[in-house]
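# A look at the structure
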Amino acid sequence: TRSLSITSVGHSTFEKAQGEKVTLPCTFVLSEEDEGPLDIEWVLIPADNQKKEQIIIMYAVDRIYNHYYAAMTGRMQFTNPDPRSGDGSLDILNLKSADTGTYQCKVKKAPGVQSQKIQLTVLVKPARTKCSIEGSQEIGKDVILKCASQEGSPLLSYDWRRVSGTQELPATSMLNKNTGELLLKNASQDYSGTYNCVASNRVGTDECSVELNVTPPINTAGIIAGAIIGTLLGLSVLAFLVFCCCKKHREKKYEKEVHHDIREDVPPPKSRSSTARSYIGSNRSSLGSMSPSNMEGYTKTPYSQVPSEDFERTPGQNPTFAPSKVAAPNLSRMGAVPVMIPAQSKDGSIV
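This structure is a prediction, so every number in the text was calculated from the model and none was measured.

Criteria and thresholds
Residues numbered from 1 in each chain as written. Predicted model: local features only at pLDDT ≥ 70, side-chain atom pairs only at ≥ 80, totals over all residues. Heavy atoms only, no water. Helix = DSSP H or I, 4+ residues; strand = E, 2+ residues; numbered from the N terminus. Buried < 20%, exposed > 50% of the residue type's maximum accessible area, 1.4 Å probe, protein only. Contact = heavy atoms within 4.5 Å. Areas by Shrake-Rupley, 256 points an atom, 1.4 Å probe, with all protein chains shown as cover. Core = buried A, V, L, I, M, F, W, Y, C linked by side-chain atoms within 4.5 Å. Pairing = 2+ DSSP bridges. Axes fitted to C-alpha atoms, helices over the stretch in contact; angles between N-to-C directions. Polar contact = N/O pair within 3.5 Å; in protein donor to acceptor, adjacent residues only side chain to side chain. Disulfide = S-S within 2.5 Å. UniProt positions renumbered as here; feature names shortened; annotations may be inferred. Salt bridge = Lys/Arg side-chain N within 4 Å of Asp/Glu carboxyl O.

### Concerning the overall build of the protein chain
- If you tally the helices and strands in the protein chain, you get three helices and 18 strands.
- Scored against the burial criterion, the 351 residues of the protein chain give a buried share of 26%.
- At a minimum sequence separation of 6, the contacts of the protein chain that also span at least 24 residues come to 56%.
- As presented, the protein chain carries roughly 24,000 Å² of accessible surface, and 55% of it is formed by carbon and sulfur atoms.

### Brief notes about the nonpolar core
- Residues Leu24, Trp42, Ile56, Ile92 and Tyr103 are the most contacted members of the largest nonpolar core, which totals 27 residues.
- For Ile56, the residues in contact, after removing those within four places along its chain, are Trp42, Val43, Leu44, Asn66, Tyr68, Tyr69, Met76, Leu90 and Tyr103.
- In this structure, Cys147, Leu156, Tyr191 and Val214 belong to the second largest nonpolar core, which totals 18 residues.

### With respect to the sheet that holds strand S16 (residues 181-184)
- Pairing in this open sheet of four strands is antiparallel, and the strands run S12-S13-S16-S15 from one edge to the other. Each edge of the open sheet is held by one strand with a lone partner, namely strand S12 (127-134) and strand S15 (173-176). Taking the axes of each pair of neighbouring strands and ignoring which way they run, one obtains an average angle of 15 degrees across the sheet.
- Note: S12 against strand S13 (residues 143-151), seven bridges, orientation antiparallel. What sits directly across from Ile133, in S13, is Leu145.

### Concerning the side chain of Ser89
- Inspection of the secondary structure assignment puts Ser89 in the loop between strand S8 (76-78) and strand S9 (90-92).
- Here Cys26 takes part through its backbone nitrogen, which lies 3.0 Å from a polar atom of the side chain of Ser89.
- Sequence-distant contacts of Ser89, defined by excluding residues within four places in its chain, comprise Thr23, Leu24, Pro25, Cys26, Thr27, Trp42, Gln77, Phe78 and Thr79.

### Some thoughts on the state of the cysteines
- Under the definition given, this model contains three disulfides.
- What pairs with Cys26 in a disulfide is Cys105, and their sulfur atoms sit 1.9 Å apart. Between Cys26 and Cys105 the sulfur-sulfur dihedral comes to about -65 degrees; the bridge is accordingly left-handed. Taken together, the residues Cys26 in the loop between strand S3 (22-24) and strand S4 (28-29) and Cys105 in strand S10 (residues 101-109) connect sequence positions 79 residues apart.

### Focus on the UniProt feature "transmembrane region" (unreviewed entry) in the protein chain
- According to UniProt, the positions carrying the feature "transmembrane region" (unreviewed entry) are residues 223-246.
- Note that residues 223-246 is 100% helix and 0% strand, and that its end C-alpha atoms are spaced 35 Å apart.

### Quick look at the sheet that holds S8
- If you trace the three strands from one edge of the open sheet to the other, you get S3-S9-S8, paired in antiparallel fashion. Each edge of the open sheet carries a strand with a single partner, namely S3 and S8. Going from strand to strand, the sheet's axes swing by 25 degrees on average, the running direction of each strand aside.
- Looking at chain direction, S3 and S9 are connected through three bridges and run antiparallel. Following the sheet pairing, Thr23 is matched in S9 by Asp91.

### Regarding the pattern of salt bridges
- One pass over the full model with this rule turns up ten salt bridges.
- A salt bridge links Asp142 to Lys185; the shortest N-O distance between them is 3.6 Å. Here the residue Asp142 occupies a position in the loop between S12 and S13, and Lys185 occupies one in the loop between S16 and strand S17 (193-201), the gap between them amounting to 43 residues.
- In this structure, Arg161 and Glu207 form a salt bridge, with 3.8 Å as the shortest nitrogen-oxygen distance. Here the residue Arg161 occupies a position in strand S14 (residues 157-162), and Glu207 occupies one in strand S18 (residues 204-212), the gap between them amounting to 46 residues.
- Owing to a relative accessible area of 39%, Arg161 belongs among the partly exposed residues under this scheme.
- Overall, Glu207 belongs to the partly exposed group, its relative accessible area being 44%.
- In this structure, a network of salt bridges that share partners links the residues Asp62, Asp82 and Arg84.

### Some words on the pairing of S18
- With nine bridges connecting them, S17 and S18 associate as antiparallel partners. What sits directly across from Gly193, in S18, is Leu212.
- From the end of S17 to the start of S18, which pair antiparallel, there are two residues.

If you want it as structure tokens, here you go:
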């Protein structure tokens, strides 16, 4: 007996760019012997065989169910709103790289069952391509022009071209299409100009440009000599400043020490009263040590003329001392030697 069959054959592989739309075909023809209800399922077959198939959309009992696969919610639909017409194709909108995989269409109407697998590859166009220069841009040096895309599905291919001057690459240039490097050996000033890089894959292209300026070698010896001289001058100035600071610090320290020494060495001034007492004491000591033969000279000077605290008084204020007998202290108890002190009698003789 004849049963249903899928007619969309020969389209088993699709390659699309990210952000585009794809239609996965699944058309079929029913048989008169198929009397059961019509069921259409689209499933995603994981790359890992240990994982189960994931239903993404289904038509059953005259209804469409599209809530099984959250990753594609709002981005998938049947191409024909009424799949009973024999068209169960699937539209996927705004493709993402994660949509890459194997999709299977299953059509069931008892007793017939048919299926078809389709491989979908979502490619990312080259994007954010950047150009750069590696090496010294001096005459006679080797220069490398680099080109790389931050986004893009493999296999990416790079191509360089010159957009100024002769618009031809130098004869000594070497291009690596896989890495995007353009080697310019033994560069000369004729190599100067604008270079353009084109990155491409099966779904798109992206470009970037760079300006090459080959110049004569720099006088490195002069630069080094200038740097050394400048460094030495800077060190000299720094040493001079340090010397001045240290000298100033030492001068301040010396002034403080001298000022401190002067204040410590100056003795306190003596009062007149202490001077008078010292004078009286020294004269008494001298009288005690003299012999009787030498006392005549001292009899002429009465004790009232010895300097004392009374010298500060005016002549009218000086009191007149009357001769009196003074009891001598017991010097033997004090451990001192007795001293003979002369006294003058009324008739002038020494007693």
